[in-house]
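Okay, here's what each chain looks like letter by letter:
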2 protein chains.
Amino acid sequence: MSVLHPSPIQALYDTLSAEMHQVNLLTLERLKSQVNLVEQVGRHIVMGGGKRIRPLLTLACNRLFQNKPGFAVHLASAVELIHTATLLHDDVVDESHMRRGKRTANDLWGNNASVLVGDFLFSRAFQLMVETENLGVLESLANAAAKITEGEVLQLTSAYSLDLSAQTYFEIISAKTAALFASSCEVGGMIAKMSPDLRPHLYGFGHSLGMMFQIQDDILDYMSDSASSGKTIGLDFFEGKVTLPVILAYQKGTDTAFWESHFQGQTTEDPRDLEKAISLFEDNNIFGQCREMAGHYQEKALENLDKLPRSQIWNDLKNLIGYSLDRQF
Amino acid sequence: MSVLHPSPIQALYDTLSAEMHQVNLLTLERLKSQVNLVEQVGRHIVMGGGKRIRPLLTLACNRLFQNKPGFAVHLASAVELIHTATLLHDDVVDESHMRRGKRTANDLWGNNASVLVGDFLFSRAFQLMVETENLGVLESLANAAAKITEGEVLQLTSAYSLDLSAQTYFEIISAKTAALFASSCEVGGMIAKMSPDLRPHLYGFGHSLGMMFQIQDDILDYMSDSASSGKTIGLDFFEGKVTLPVILAYQKGTDTAFWESHFQGQTTEDPRDLEKAISLFEDNNIFGQCREMAGHYQEKALENLDKLPRSQIWNDLKNLIGYSLDRQF
């Protein structure tokens, strides 16, 4: 990342670095366990990188309403732990071996440890939430957690078929991704005792941002980026997971034989198939169409943010909206 | 079960049948999901039988202090959902194919569905807890949930070796079983606004009862019961899981070659090995010794119960203590 032009995520991180340091310390403290393997697996995954976008959103939305974070630190740690728990379980469900350029926990310690440590992180998240003694945030995050799992199951039962409609795709990403983005924003404001009128706007802002992030993630899975080394592409493709670019390309009605042979036949690991898919996307401006659909969420994110009080952090959040559809990683 | 001499569990069920009916209705309602598979798997496991001892304890401990259950129904449903979620994840971890005489969810729908639906049930449990708006019960159950997962990981890392000490065995069952028994009892009283002085006694009663139940479960895994058809024995043995009977038998120092060849070599599925294990237990009065160790918890359970107010349900709970070490199923 360039120092002269930091990404909006980096800008948020810079503004909130003191609070994020507290979040990291608190998270490390709560990963402690008398059972060695729990701590080992937990540290591997929680400290394993990632953009930390959810805890940053909690802290940023908190900063919109107050200067000292207070229990927002607990909530930021909790949302990252919930997210991390779902990653551990996802890797078991997807039988993944690599994440963020590292071997996955299930690859290193087996599915068993991943399932159980995921449960542990989830419980630790709830303990942190309970400590805030705020029933509203408990409700918001418990609802988000239930939504995430419903989204994951819907993905499991629907997303491996070319029958997947754009509508069901949006339902899936709304539940599995946008719900936690929305709650991460909402609870940051709630714990700051903002006016309850603003709650739907924080939620709406976070939800729209989550939709945009997931759409861009699904695009990036098909975009090679020679500048950033070690980026693996085609994970969804080789796993047979149907995402928005595939839905839109398949709906064109041309090259249906290619899509059907890959997603309905024996999914191959042939890199030439991935190249072919990418060139079909490019030839048909599929990424442009995806971004156009995401533009709807961009508008909603801006509309909701517009209702929230202006400040430096507000500007950072506004920049984040624009960046969500441009980011390359 | 004989009608003339109902078991203490049946007696509790009879006394609390109206409340248990509410618990079942509420649980079924909360299993509803727009995602069909979630509901299907959830119903399979939640309605798949089992003794329902945890929700009965919540309702019974509530009845010690008030006549109308109120939110105790929510909590009883929540503890059963937490328990059920751990069963779903356990079956993935243990790679089990049968539970309670039925095929397991992972066998029917795959590990993926079991992991995700387990997460869903866990989230639903937290939603129910949040609805009670009682931060004390949220704290108690969040702590229990974290303990359970630590216990499961400790079991995973320690319980497949003959090095397992009785002390570590008791640590494991305290976390994986007794913690939720304890919290199930405690929250039943807390939601009835009992005097806070009594909280440790409800917790201590439930914890001791949980220890006794798990020890008896581990004994019953080695006891054939010709009367109850379809009971499978030797699950722990064939899985290579070391439990109290094995620890005590191995510590005798006789027949160590047999135990080492089974638990350190390639674990076989030979029924003659199981017969040999059982006859060694019988020859050395191992089950008697296990029950003697459990007697310590029996005393503690009685001591704690003694501090709680007398009533019909109190008598039922007292009978349950005695029964815990005699039950045959």
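Residues numbered from 1 in each chain as written. Chains lettered and ligands numbered in written order. Predicted model: local features only at pLDDT ≥ 70, side-chain atom pairs only at ≥ 80, totals over all residues. Heavy atoms only, no water.

Asker: What is the right way to read the overall build of chain A from this model?
Answerer: A count of helical and extended segments in chain A gives 16 helices and 2 strands. Computed over C-alpha atoms, the radius of gyration of chain A comes to 20 Å, within 12% of the 20 Å expected from 2.2 N^0.38 for 329 residues, which places it in the range of a compact globule. Along the first, second and third principal axes, the C-alpha atoms of chain A reach 55 × 45 × 40 Å. The proportion of buried residues among the 329 residues of chain A is 58%. Taking all contacts inside chain A whose residues are at least 6 apart in sequence as the whole, residues at least 24 apart take part in 75%. Averaging the positions of the 28 positive and the 40 negative side-chain charges in chain A gives two centres separated by 7 Å. (Helix = DSSP H or I, 4+ residues; strand = E, 2+ residues; numbered from the N terminus. Rg over C-alpha atoms; globule rule 2.2 N^0.38 Å. Buried < 20%, exposed > 50% of the residue type's maximum accessible area, 1.4 Å probe, protein only. Contact = heavy atoms within 4.5 Å. Lys, Arg positive; Asp, Glu negative; His and termini not counted. Charge placed at Lys NZ, Arg CZ, Asp CG, Glu CD.)

Asker: Please clarify how unusual backbone geometry should be interpreted in this entry.
Answerer: Note: most peptide bonds trans; most residues except glycine with negative phi. The phi dihedral of A:Arg52 falls on the positive side, at around 60°, and the residue is not glycine. Tracing the backbone shows A:Arg52 in the loop between α3 (36-46) and α4 (53-63). Its relative accessible area of 11% is what places A:Arg52 among the buried residues. Here B:Lys193, not a glycine, exhibits a phi torsion of approximately 55°, which is positive. Looking at the element boundaries, B:Lys193 is found in the loop between α9 (166-190) and α10 (199-220). Taking the relative accessible area as the measure of exposure, B:Lys193 reaches 72% and is therefore exposed.

Asker: It is not clear to me how the interface of chain B and chain A should be interpreted in this structure. Could you clarify?
Answerer: The extent of an interface is frequently quoted as the accessible surface area lost upon association of the parts. Listed as interface residues are 36 residues of chain B and, on the opposing side, 36 residues of chain A. A buried area of about 3,400 Å², summed over both sides, lies between chain B and chain A, and 76% of it is on carbon and sulfur atoms. A per-residue breakdown of the area chain B buries against chain A is headed by B:Leu116, B:Leu135 and B:Glu150, which together make up 17% of the total. On inspection of chain B and its partner chain A, the count reaches 0 salt bridges. For the pair chain B and chain A, the interface holds 9 residue pairs in polar contact (both at pLDDT 80 or more). For the side of chain B that touches chain A, the element with the highest residue contribution is helix α8 (residues 135-158) of chain B, accounting for 14 residues. Per-class residue counts for the side of chain B that touches chain A are 21 nonpolar, 9 polar and 6 charged. (Buried area = accessible area lost by both parts, 1.4 Å probe. Salt bridge = Lys/Arg side-chain N within 4 Å of Asp/Glu carboxyl O. Polar contact = N/O pair within 3.5 Å; in protein donor to acceptor, adjacent residues only side chain to side chain. Nonpolar A, V, L, I, M, F, W, Y, C, P; charged D, E, K, R; others polar.)

Asker: Even after reading the chapter, I still don't get the relation of the copies chain B and chain A, so can you show me in this structure?
Answerer: For these two chain copies, the linking operation is a rotation about an axis paired with a shift along it. For the pair chain B and chain A, the relating rotation is 180°, the translation along its axis is 0.0 Å, and the fit reaches an RMSD of 0.0 Å. Overall, the copies show the geometry of a two-fold rotation axis. Identified as the residue of chain B closest to the rotation axis by C-alpha distance is B:Val115, at 3.6 Å. A share of 100% of interface residues in chain B that are also interface residues in chain A marks the association as one of identical surfaces. (Least-squares fit on C-alpha atoms with pLDDT ≥ 70 in both.)

Asker: What is the right way to read the packing of helix α2 (residues 17-31) of chain A against α3(A) from this model?
Answerer: Two quantities define a packed helix pair, namely the angle between the axes and the distance from one axis to the other. Residues and elements named next belong to chain A. Direction vectors running N to C along α2 and α3 enclose 155°, while the axes themselves pass 9 Å from each other. The angle between α2 and α3 falls in the class roughly antiparallel. Of the residues in α3, those touching α2 at Thr27, Leu28 and Leu31 are Glu39, Gly42, Arg43 and Val46. (Axes fitted to C-alpha atoms, helices over the stretch in contact; angles between N-to-C directions. Parallel < 35°, antiparallel > 145°, perpendicular 65-115°, else oblique.)

Asker: What exactly am I supposed to notice about helix α1 (residues 8-15) of chain A here?
Answerer: An α-helical segment advances 3.6 residues per turn. Residues three or four places apart therefore align on the same side. All names here are of chain A. Within α1, the full set of buried residues consists of Pro8, Ile9, Ala11 and Leu12. Along α1, the residues classed as buried sweep out an arc of 160° about the axis, all on the same side. Elements that come into contact with the buried residues of α1 comprise α4, α10 (199-220) and α16 (312-324). (Arc of directions from axis to C-beta.)

Asker: Which parts of the structure should I look at to understand the nonpolar core?
Answerer: The nonpolar side chains of soluble globular proteins are, as a tendency, buried together. Judged by nonpolar contacts, the single largest core of 230 residues is most densely connected at A:Trp259 and B:Trp259. Contacts of A:Trp259, omitting those with residues within four sequence positions, involve A:Leu162, A:Phe237, A:Val246, A:Ala249, A:Tyr250, A:Thr254, A:Gln264, A:Ala277, A:Leu280 and A:Phe281. (Core = buried A, V, L, I, M, F, W, Y, C linked by side-chain atoms within 4.5 Å.)

Asker: Would you take a moment to explain the packing of aromatic side chains for this structure?
Answerer: Given two aromatic rings, their pairing is described by the distance between the two centres and the angle made by the two planes. All told, the structure shown has 26 aromatic pairs over all chains when counted by the stated rule. On the numbers, 5.2 Å between centres and 85° between planes, the contact of B:Phe122 with B:Phe126 is edge-to-face. You can see B:Phe122 and its partner B:Phe126 sitting in helix α7 (residues 111-131), 4 residues apart, about one turn around the helix. Each of the two residues, B:Phe122 as well as B:Phe126, counts as buried. Between the aromatic rings of B:Phe258 and B:Trp259, the centroid separation amounts to 5.0 Å while the plane-to-plane angle is 70°, which identifies the pairing as edge-to-face. A relative accessible area of 13% means that B:Phe258 is categorised as buried. For B:Trp259, a relative accessible area of 1% corresponds to the buried category. Through successive ring pairs, a cluster of aromatic residues spans A:Tyr222, A:Phe237, A:Phe238, A:Phe258, A:Trp259, A:Phe263, A:Phe281 and A:Phe287. For the cation-ring pair, B:Lys276 lies above B:Phe258, with the distance from its terminal atom to the ring centre recorded as 5.5 Å. (Phe/Tyr/Trp six-rings, centres within 6.5 Å; stacked < 30°, edge-to-face > 60°. Lys NZ or Arg CZ within 6 Å of the ring centre and 35° of its normal.)

Asker: Help me understand the environment of A:Val46, please; the structure alone is not making it clear to me.
Answerer: All names here are of chain A. Along the polypeptide, Val46 turns up in helix α3. The sequence separation of Val46 and Leu28 amounts to 18 residues, and the corresponding C-alpha distance is 8.5 Å. Excluding its chain neighbours within four sequence positions, the residues that come into contact with Val46 are Thr27, Leu31, Arg52, Leu81, Thr84 and Leu121.

Asker: What should I look at first to understand the environment of B:Tyr222 in this one?
Answerer: Residues and elements named next belong to chain B. Along the chain, Tyr222 falls in the loop between α10 and α11 (235-239). Its relative accessible area of 1% is what places Tyr222 among the buried residues. Separated by 15 residues in sequence, Tyr222 and Phe237 have C-alpha atoms that sit 8.3 Å apart. When residues no more than four places from it in sequence are discounted, the contact partners of Tyr222 are Phe237, Thr243, Pro245, Val246, Phe263, Leu274, Ile278, Phe281 and Phe287.

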